[in-house]
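Given next are the chains, with one letter for each unit.
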Amino acid sequence: RLVASSSSSESSSLSADGKETNVLLSQILAGVTVSLAMVPESLSFTFVAGVSPIVGLHAAGLMGLTCAIFNAQPGVISGAAG
């Protein structure tokens, strides 16, 4: 969670105590974890569907990119596990 300063003149800036670095690192770690978890899932569903595995990998990446571009909520399930 981003922490905004309490001053009205600096309402859009982040606090300078290093919390924004922790938030960035946790967001990167979450993204890597989700992308690594989606690889075996997308590959297994391509075998079930009878299509090329590269189709599943492209579809998983496209879904992640679409959710990132349109600012999906954290609770959005973008895989078949949900």
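Residues numbered from 1 in each chain as written. Predicted model: local features only at pLDDT ≥ 70, side-chain atom pairs only at ≥ 80, totals over all residues. Heavy atoms only, no water.

Let us now look at the packing of helix H1 (residues 19-49) against helix H2 (residues 53-69). Packed helices, taken two at a time, are described by the angle their axes make and the gap between the axes. Between H1 and H2, the least distance of the axes is 8 Å, while the angle of their chain directions is 135°. Between H1 and H2, the angle is such that the two are oblique. Crossing angle aside, the handedness with which H1 passes H2 is right-handed. Between H1 and H2, the residues in contact are Met 38, Val 39, Ser 42, Leu 43, Thr 46 and Phe 47 and Pro 53, Gly 56, Leu 57 and Ala 60, respectively. Looking at the contact of H1 with H2, its residues break down into 7 nonpolar, 3 polar and no charged. (Axes fitted to C-alpha atoms, helices over the stretch in contact; angles between N-to-C directions. Helix = DSSP H or I, 4+ residues; strand = E, 2+ residues; numbered from the N terminus. Parallel < 35°, antiparallel > 145°, perpendicular 65-115°, else oblique. Left-handed = near helix turned anticlockwise from the far one by under 90°. Contact = heavy atoms within 4.5 Å. Nonpolar A, V, L, I, M, F, W, Y, C, P; charged D, E, K, R; others polar.)

A few words on H1. For an α-helix, 3.6 residues make a turn, and residues three or four places apart therefore share a direction. When the terminal C-alpha atoms of H1 are compared, their 44 Å separation across 31 residues agrees well with the 45 Å that a helix rising 1.5 Å per residue should span. Inspection of H1 places Val 23, Met 38, Ser 42 and Thr 46 among the buried residues, and these make up the whole buried set. Buried residues belonging to H1 abut H2. Two residues or fewer after H1 comes Gly 50, characterised by a positive phi angle close to 80°. (Expected span 1.5 Å × (residues − 1). Buried < 20%, exposed > 50% of the residue type's maximum accessible area, 1.4 Å probe, protein only.)

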